[in-house]
Amino acid sequence: MAKLKYIAASLGILGLITLYALEFSWLDRTLGVRRLVFWSMAAGALAGLVLGWRFRQTADSLTEKIQLFVFFTTICMIFAPLAGSLSNRLLSPHPLRDQPVTVAEEQPFLSEPYGLIKGEKPKTSGYYTFFYYDGKLRRIKNREAVFSGLQRGDTGMLRMRKGLWGPEVVAKGQGGG
């Protein structure tokens, strides 16, 4: 029975790591992601301290108590941005809307983890899309060009949704002019 618990815990951790990796593409499309991550980590630290307080009586010595506090605080802080991003995006009561933005530019980027083979033609891995929204220059990352055919200063449309915690999320595969 103990083996089954360890297998389930291992699969759970592997699932969380996979979910985190999949969420990075949404974090790249969240406006105000730094604030979301900061407050999520602060909430995670608080939750970790509460869990450490809850489980402190299971420790035999002061060193073990400190280890429990550090363990719970660290784990909660690591996974808090995942919870913050998922809840911001999936629990939002706000509808998707077409939002006019001012196009700044789109820059293609290459992402070849092992470099290019000699003679191989590089192909674009994606695009960084820069635009002005609410008086600030913003950047999102896309697989395809969002504002193809538009010039700097033109008005383009992006599908956005205000998140549960405030930061807005740009929908995938949307945009254009």
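Throughout what follows, the structure given in this document is the object of discussion. (Residues numbered from 1 in each chain as written. Predicted model: local features only at pLDDT ≥ 70, side-chain atom pairs only at ≥ 80, totals over all residues. Heavy atoms only, no water.)

**Focus: the overall build of the chain**
Stated formally: Put simply, DSSP marks the helices as runs of H or I at least four residues long and the strands as runs of E at least two long, and each gets a number from the N terminus on. C-alpha atoms define the radius of gyration in this analysis, and the globule rule sets the expected value at 2.2 Å times the number of residues to the power 0.38.
Within the chain, the secondary structure is distributed over three helices and six strands. Scanning the chain from its N terminus toward the C terminus, one meets helices and strands in the order α-β-α-α-β-β-β-β-β. Compactness check: the chain gives a C-alpha radius of gyration of 21 Å against a globular reference of 16 Å for 177 residues, more than 25% above the reference. Over its C-alpha atoms, taken along the principal directions, the chain stretches across nearly 65 × 45 × 30 Å.

**Observations regarding the packing of aromatic side chains**
For the record, the criterion: Two aromatic rings, drawn from Phe, Tyr or Trp (for Trp, its six-membered ring), form a pair once their centres lie within 6.5 Å of each other, and the interplanar angle then sorts them: stacked below 30 degrees, edge-to-face above 60, tilted otherwise. In this scheme, the term charge over a ring applies when either NZ of a lysine or CZ of an arginine sits within 6 Å of the ring centre and within 35 degrees of the ring normal.
Within this structure, the stated rule accounts for six aromatic pairs. Taken together, a centroid distance of 5.2 Å and an interplanar angle of 80 degrees make the contact between Phe-38 and Trp-39 edge-to-face. Three or more aromatic residues link up through ring pairs in this structure, and these residues are Tyr-20, Phe-24 and Phe-79. Over the ring of Phe-55 we find Arg-54, and its NZ or CZ is 5.2 Å from the ring centre.

**Here we look at the environment of Arg-97**
Basically, it comes down to this: Contacts are residue-level and defined by heavy atoms, with any inter-residue pair within 4.5 Å sufficient. Side-chain atoms alone can form a polar contact between residues adjacent in sequence; in general such a contact is a pair of N or O atoms within 3.5 Å, and within protein one must be able to donate a hydrogen while the other accepts it.
Assignment of secondary structure puts Arg-97 in strand 2 (residues 97-109). Sequence separation of Arg-97 and Met-1 is 96 residues, and the distance between their C-alpha atoms is 50 Å. For Arg-97, the residues in contact, after removing those within four places along its chain, are Tyr-133, Leu-158, Arg-159, Met-160, Arg-161, Lys-162 and Glu-168. Side-chain polar atoms of Arg-97 contact the side chain of Tyr-133, separated by 3.1 Å.

**Comments concerning helix 2 (residues 33-55)**
Our working rule: Given a helix with a known number of residues, its expected span is that number minus one, times 1.5 Å. Residue burial is assigned from relative accessible area. The probe radius is 1.4 Å, only protein chains are included, and a residue is buried under 20% of its type maximum, exposed over 50%, and partly exposed in between.
With 23 residues, helix 2 should reach 33 Å at 1.5 Å per residue; the first-to-last C-alpha distance of 32 Å fits that figure. For helix 2, every residue scored as buried is listed here: Leu-36, Ser-40, Gly-44, Ala-45, Gly-48 and Gly-52. The secondary structure elements touched by the buried residues of helix 2 are strand 1 (30-31) and helix 3 (62-90).

**Side note on the side chain of Glu-23**
Its location among the elements puts Glu-23 in helix 1 (residues 2-27). In contact with Glu-23, not counting residues within four places along its chain, are Leu-82, Ser-85, Leu-86 and Arg-89.

**A word on the packing of helix 1 against helix 3**
Here is the rule: In this analysis an axis means a line fitted to C-alpha atoms, helices contributing only their contacting stretch, and an angle means the value between N-to-C directions, from 0 to 180 degrees. Every angle not falling under 35 degrees, over 145, or within 65 to 115 is termed oblique; those three ranges are roughly parallel, roughly antiparallel and roughly perpendicular. Note on convention: the crossing is left-handed when the near helix lies turned anticlockwise from the far helix by less than a right angle, right-handed when the turn is clockwise.
With their axes 10 Å apart at the nearest point, helix 1 and helix 3 run at an angle of 55 degrees to one another. With respect to their mutual orientation, helix 1 and helix 3 come out oblique. In the crossing of helix 1 with helix 3, the sense of the turn from one axis to the other is left-handed. Taken together, the residues of helix 3 that come into contact with helix 1 (itself represented by Leu-16, Leu-19, Tyr-20, Glu-23, Trp-26 and Leu-27) are Ile-78, Phe-79, Pro-81, Leu-82, Ser-85, Leu-86 and Arg-89.

**Here's the deal with the sheet that holds strand 5 (residues 155-162)**
What counts, and what does not: Two strands are said to pair when DSSP picks up at least two bridges between them.
Reading across the sheet, the six strands line up as 1-6-5-2-3-4 and stay open at both edges, with antiparallel pairing between neighbours. Either end of the sheet is taken by a strand with one partner, and the two such strands are strand 1 and strand 4 (136-142). Where strand 2 meets strand 3 (residues 126-133), seven bridges bridge the pair, whose relative direction is antiparallel. Within strand 3, the residue paired with Pro-108 across the bridge is Tyr-127.

**Some details on helix 3**
Across its 29 residues, helix 3 extends 41 Å between first and last C-alpha, which sits within 8% of the 42 Å expected from 1.5 Å per residue. When we look at burial in helix 3, the residues that qualify are Phe-72, Thr-73, Cys-76, Ala-80, Pro-81, Leu-82, Gly-84, Ser-85, Leu-86, Ser-87, Asn-88 and Arg-89. Contacts from the buried residues of helix 3 go to helix 1, strand 1, helix 2, strand 5 and strand 6 (168-170).

**Comments concerning the pattern of salt bridges**
Working definition: two side chains of opposite charge can pair if their charged atoms are close together. This is how the line gets drawn: Note on definitions: salt bridges are taken to be side-chain nitrogens of Lys or Arg within 4 Å of carboxyl oxygens of Asp or Glu.
Inspection of the entire model under this criterion finds five salt bridges. A salt bridge links Arg-89 to Glu-23; its shortest N-O distance comes to 2.8 Å. Placement of Arg-89 in helix 3 and of Glu-23 in helix 1 is noted, with a sequence separation of 66 residues between them. For the pair shown, Arg-89 and Glu-23 are each scored as buried. The partner of Arg-152 in a salt bridge is Glu-105, with the nearest N and O atoms 3.8 Å apart. Here Arg-152 is found in the loop between strand 4 and strand 5, whereas its partner Glu-105 is found in strand 2, with 47 residues between them in sequence. Note on Arg-152: relative accessible area 60%, which makes it exposed.

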